[in-house]
Amino acid sequence: MPDEPLVDAARLTRALTGPGRVFTHVRCLPTTGSTNADLAAEAVAGAPSGSVLVADHQSTGRGRFDRRWEAPPGTSVAVSVLLRPTDLPLERWLWLPLVTGVAVAEALRVVAGVDALVKWPNDVLIDDRKVCGILSERVDDAAVIGMGINTTLTDEQLPVPTATSLALEGSTADVTDVVGEVLQALERAYRRWLDDDDLRFWFAQRCSTVGRRVRVQQSDTQGVDGLALGVDEWGRLLVHTSLGERAFAAGDVVHLR
Ligand SMILES: O=C(O)CCCC[C@@H]1SC[C@@H]2NC(=O)N[C@@H]21
């Protein structure tokens, strides 16, 4: 494991921080346990809104639904941010992972030239294969949002056949540029969310789930099949099922076709 991180903290700091900007403190590490766990501990200790932690490798990276998130060193960059959107009601927080997914998809289009879209709620896919997973966690009055972006994973290193990486999609984008573009897109998206914009149309345009037949799996139920119609004002997925319309606030979605 190299001592120097692959991601250039000085360059990121120049691109992101300044008066009135969302991200204030940027740190980059070669390795850590989990960038989300680190920022969650810092949130409890009173760290300011706008902290960013980037790592080339995580030994205990965590995914949604208590899954693990693993990748060989230097192949999938881990980026977490700590935000304190204290003025917004908690119901609006459901939107945060969705907003992040759209920001990542938009950034990857720009910096890596890939056709990235969001699978509800927040997986970022290229041609239906996952390039980025997002884990949004609430810690007291803070949100810790983590993004795992597969940069240089090879075919042999993919955790599942339905994953992909920027390199496998033909991109040679520099990892500091990728992280910088993602965080700048997240800053813009976060401001829209803070401004209480209606995000439904914006999200639906970038979401490959809407208009598809889907299976929504929740931990304690069999999957529910139906046609994804869109998202409601709380960011819940609206699905037309054989028993009528249902709104899902969480769950794993499979695109059926
Ligand atoms: O798809 C998922 O299950 C979500 C994966 C989220 C992984 C990221 S990597 C940065 C941050 N730190 C973690 O431990 N997890 C998130």
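An unreviewed UniProt entry lists the chain under the name biotin--[biotin carboxyl-carrier protein] ligase, from Micropruina glycogenica.

K.L.:
Explain the nonpolar core here, please?
P.N.:
Here is a general trend for soluble globular proteins: nonpolar side chains tend to be buried in one another's company. Counting residues in each nonpolar core, the largest one holds 63 residues, and the members touching the most others are Leu-108, Met-147 and Leu-183. Broken down by element, this core gets its largest block of residues, 11 residues, from helix H3 (residues 95-112). The residues contacting Leu-183, other than those within four sequence positions of it, are Leu-16, Phe-23, Val-52, Val-79, Val-81 and Met-147. One finds Ala-47, Leu-53, Leu-82 and Val-144 within the second-largest nonpolar core, a separate group that totals 9 residues.

K.L.:
Please clarify how the UniProt feature "domain: BPL/LPL catalytic" (unreviewed entry) in the chain should be interpreted in this entry.
P.N.:
As annotated in UniProt, the feature "domain: BPL/LPL catalytic" (unreviewed entry) corresponds to residues 16-198 in the numbering used here. End-to-end, the C-alpha atoms of residues 16-198 are 26 Å apart, and along that stretch the chain is 27% helix and 25% strand.

K.L.:
When you look at the pairing of strand E9 (residues 224-231) in this model, what are you seeing that I'm missing?
P.N.:
A regular strand places its side chains so that they alternate between the two faces of the sheet. Pairing geometry for strand E8 (residues 213-217) and E9, over 4 bridges, is antiparallel. Within E9, the position partnered with Arg-213 by the bridge is Leu-227. With 4 bridges connecting them, E9 and strand E10 (residues 237-241) associate as antiparallel partners. The residue of E10 that forms the bridge with Val-231 is Leu-237. What sits between the antiparallel neighbours E9 and E10 is a turn of 5 residues, in which Gly-235 has the positive phi angle 85 degrees.

Definitions and limits used
Residues numbered from 1 in each chain as written. Predicted model: local features only at pLDDT ≥ 70, side-chain atom pairs only at ≥ 80, totals over all residues. Heavy atoms only, no water. Core = buried A, V, L, I, M, F, W, Y, C linked by side-chain atoms within 4.5 Å. Buried < 20%, exposed > 50% of the residue type's maximum accessible area, 1.4 Å probe, protein only. Helix = DSSP H or I, 4+ residues; strand = E, 2+ residues; numbered from the N terminus. Contact = heavy atoms within 4.5 Å. UniProt positions renumbered as here; feature names shortened; annotations may be inferred. Pairing = 2+ DSSP bridges.

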